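Spelled out from the first residue to the last, the chains are:
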Amino acid sequence: MVEAVLIDLFSLPANLQNNIRGLLHNILETIEKCSSIPAPLVYVICCQRQGTERNGEQEFLLPALRDFQSLKKRLEVVHALTTAAALYTIKQRLDEKDLSIVKVILPTLRKDLMKVYIDHLFTAVYQFEFEDLQVATDCKNLQIAEPWSEEQRLPTQDVALIRSEIQTYLESLPSLNGELTILRSSLIPGDIFLHGFTTRTGGISYIPNLSSCNLFSSSKRRDPQVVVKENLRRLADAAGFDPETFHRVKIDHANAVCIMGKTEPDSYDGIVTNQKGITIAAPGADCIPVLFADPVRKACGAAHSGWKGTLLGVSMATVNAMVSEYGCNVKDILVVLGPSVGPCCYKLPHESAKEFHRIDPKCVRLFDSANPYVDIRRATRILLESGGILPENIQDDSITDQNQNITFCTACHPDKFYSHFRDGTNFGTQIGFISIKD
Ligand SMILES: *[C@@H]1O[C@H](CO)[C@@H](O)[C@H](O)[C@H]1NC(C)=O
Ligand SMILES: *[C@@H]1O[C@H](CO)[C@@H](O)[C@H](O)[C@H]1NC(C)=O
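Residues numbered from 1 in each chain as written. Chains lettered and ligands numbered in written order. Predicted model: local features only at pLDDT ≥ 70, side-chain atom pairs only at ≥ 80, totals over all residues. Heavy atoms only, no water.

A. The overall build of the protein chain, seen in detail. If you tally the helices and strands in the protein chain, you get 15 helices and 18 strands. Burial analysis of the protein chain (438 residues in total) assigns 53% to the buried set. Counting every atom, the protein chain has about 19,500 Å² of accessible surface; 49% of that belongs to carbon and sulfur. (Helix = DSSP H or I, 4+ residues; strand = E, 2+ residues; numbered from the N terminus. Buried < 20%, exposed > 50% of the residue type's maximum accessible area, 1.4 Å probe, protein only. Areas by Shrake-Rupley, 256 points an atom, 1.4 Å probe, with all protein chains shown as cover.)

B. Expanded view of the environment of Tyr268. With respect to the helices and strands, Tyr268 occurs in the loop between strand 9 (257-259) and strand 10 (270-273). C-alpha of Tyr268 to C-alpha of Val314: the two residues are 46 residues apart in sequence and 9.4 Å apart in space. Among all residues touching Tyr268, those that are not within four sequence positions of it are Arg248, Val249, Lys250, Ile251, Asp252, Ala256, Val257 and Cys258. Reaching out from Tyr268, the side chain makes a polar contact with the side chain of Glu264 at a distance of 2.6 Å. (Contact = heavy atoms within 4.5 Å. Polar contact = N/O pair within 3.5 Å; in protein donor to acceptor, adjacent residues only side chain to side chain.)

C. Up close: the site of ligand 2. As a matter of local geometry, ligand 2 sits amid Asn209, Arg422, Asp423 and Asn426. Between ligand 2 and the protein, one listed contact pairs an oxygen atom with a side-chain N or O atom of Asn209 at 2.4 Å. Considered on its own, ligand 2 offers 370 Å² of accessible surface; in the complex 43% of this is hidden by protein. In the shell around ligand 2, the residues fall into no nonpolar, two polar and two charged. (Near = heavy atom within 4 Å. Nonpolar A, V, L, I, M, F, W, Y, C, P; charged D, E, K, R; others polar.)

D. How the structure looks around the state of the cysteines. In the structure shown here, the tally under the stated rule is zero disulfides. Lacking any disulfide linkage, Cys344 is separated from the closest cysteine sulfur, that of Cys345, by 3.7 Å. Cysteine Cys409 is unpaired, with the sulfur of Cys412 as its nearest cysteine sulfur at 3.6 Å. (Disulfide = S-S within 2.5 Å.)

E. Focus on the sheet that holds strand 12 (residues 288-294). Pairing in this open sheet of six strands is mixed, and the strands run 9-10-13-12-14-17 from one edge to the other. Both edges of this open sheet fall to strand 9 and strand 17 (394-395), since each of them pairs with a single strand only. When strand 14 (residues 334-337) meets strand 17, the two strands line up parallel, connected through two bridges. Along strand 17, the bridge assignment pairs Val336 with Gln395. Across the sheet, helix 12 (residues 314-326) touches strand 9, strand 10, strand 12 and strand 13 (299-305), and the angle it forms with strand 13 is around 160°. Contacting strand 12, strand 13, strand 14 and strand 17, helix 14 (residues 376-386) crosses the sheet at an angle of about 30° to strand 12. (Pairing = 2+ DSSP bridges. Axes fitted to C-alpha atoms, helices over the stretch in contact; angles between N-to-C directions.)

F. Highlighting the side chain of Glu230. Structurally, the position occupied by Glu230 is in helix 10 (residues 225-239). At 2.6 Å, the side chain of Glu230 forms a polar contact with the side chain of Arg234. If we ignore the near neighbours within four places in the chain, the residues touching Glu230 are Leu170, Glu171 and Ile204.

G. Molecular detail of the sheet that holds strand 2 (residues 41-47). The strand order 3-2-1-4-5 describes an open sheet built from five strands, whose pairing is parallel. Each edge of the open sheet is held by one strand with a lone partner, namely strand 3 (75-80) and strand 5 (127-132). Sheet twist, expressed as the average angle between the axes of neighbouring strands with direction ignored, equals 20°. Bridge count between strand 1 (residues 4-9) and strand 4 (residues 101-106): four bridges; the pairing is parallel. Across the sheet, residue Ile7 finds its bridge partner in strand 4, namely Ile105. Here helix 6 (residues 111-121) sits on the sheet and contacts strand 1, strand 2, strand 4 and strand 5; the angle it forms with strand 5, its principal contact strand, is near 165°.

H. Seen up close, the site of ligand 1. Neighbouring ligand 1 are the residues Asp397, Ser398, Ile399, Gln402, Asn405, Thr407, Phe408 and Cys409. Within the backbone of Asp397, one N or O atom sits 2.6 Å away from a nitrogen atom of ligand 1. Gln402 is positioned such that a nitrogen or oxygen atom in its side chain is 2.7 Å from an oxygen atom of ligand 1. Taking 360 Å² as the accessible area of ligand 1 by itself, protein coverage stands at 60%.

I. Structural view of helix 10. Compared with the 21 Å implied by 1.5 Å per residue over 15 residues, the 20 Å span of helix 10 between its first and last C-alpha is a close match. Those residues of helix 10 that fall on the buried side of the exposure criterion are Val226, Val227, Val228, Glu230, Asn231, Leu232, Arg234, Leu235, Ala236 and Ala239. Positive backbone phi, at 95°, marks Gly240, one or two positions downstream of helix 10. (Expected span 1.5 Å × (residues − 1).)

J. Seen up close, the packing of aromatic side chains. Under the defined criterion, the tally for this structure stands at eight aromatic pairs. A ring pair is formed by Phe408 and Phe417, whose centres lie 5.8 Å apart and whose planes are at 35°; its orientation type is tilted. Through a chain of ring-to-ring contacts, the aromatic side chains of Tyr88, Tyr169 and Tyr206 assemble into a single cluster. The ring of Phe427 has Arg221 lying over it, and the distance from NZ or CZ to the ring centre is 4.2 Å. (Phe/Tyr/Trp six-rings, centres within 6.5 Å; stacked < 30°, edge-to-face > 60°. Lys NZ or Arg CZ within 6 Å of the ring centre and 35° of its normal.)

K. Broad picture of the packing of helix 5 (residues 83-96) against helix 6. Running from N to C, helix 5 and helix 6 point in directions that differ by 50°, and their axes come no closer than 11 Å. When the axis of helix 5 is compared with that of helix 6, the two are oblique. Helix 6 is crossed by helix 5, and the crossing has right-handed handedness. Taken together, the residues of helix 6 that come into contact with helix 5 (itself represented by Thr83, Ala84, Leu87, Tyr88 and Lys91) are Met114, Tyr117 and Leu121. (Parallel < 35°, antiparallel > 145°, perpendicular 65-115°, else oblique. Left-handed = near helix turned anticlockwise from the far one by under 90°.)

Here it is in structure tokens:
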């Protein structure tokens, strides 16, 4: 069932500008009378011409709303300089109320354009249906179809122009919840590598559990790719890497490794490179983002290690790829475990905990319970050490200098980190990233 109606008056031709009240009146009457929808919210988007007062225009529209007492409380007129800005505002309204099924009433000529905007700004969580403004107003014999098609030229904007309008708008938005903060390890030499682990502040994602520097877009959640891309641009800006040469693992919760420059597997949780200026990254929202650096051979790697990947040895698989591809000596490889769910919080069903117990009984606490606490960091260290990585070349939560300790528990710090375990299905994602400096 439709939860919101969006009336697109954005491209209202000049000769109808003065007539907007009458036009809106008729459309609203149509919605009230013809609609099978019980009580949807109604949003009207209009073009705010440069130099015009927002409030002035809104007041100008009020008389049109006077006759619609029932609609008044659930109708909002959104003025914006661009369609991108108008739609983003509508998206915020929908998200505040957790709505997702929208009927868009718009001039036929705007339909193709609008679909492109919607594809970029929304995800598969939302459902849109479209209705011609002409059809909607036919109920009242309002002849607006003709001036529209005569006055307005066919849209010449193509997808690239729409993308750039959206991008420009997102770039103009203020960062939310403070500064973008990057955690860095003192183990990885800064003269050779650029690296860091992100926290959740300083991006533009506004939905509470994704706010604000979400770096992963899923069709199941409300942050579209364009927003994640903008967050990444801000991160790249702050960290000093090129977002165009950024490569993130394609999560599979297994142990495949992608060698940059060679055929890319369909999915992989480890990635390695020896090419300068290429930034590689692994996400995590409890799972450990693990970074690898060999200052001797000048090669690096990143891995995503959740409980499954940890058991499958994704970290050693990444080390092995560095050894076989770039001739690294295991003893030169430095490994840093990023923010991840700690042994204080993380529980697994007994069956899965058993496998950690097998690696080392110290990886499990309250082993006899139905859901024992599991230490995926310790398991990662043990597997790395048995693969030949020197104990002092691994940085994790055992680091004693608290100023250097960056292996925070994601579940314990809701202000700093995303946590799938804590937040449920609507979780955001932080990343660990590394590159070799030019
Ligand atoms: C480092 O920080 C983590 C997370 O706050 C904490 O669990 C751990 O005990 C700290 N390490 C040491 C050695 O204090
Ligand atoms: C957001 O996270 C909290 C816990 O941090 C959780 O209780 C809540 O259900 C989440 N909200 C949504 C919409 O997923």
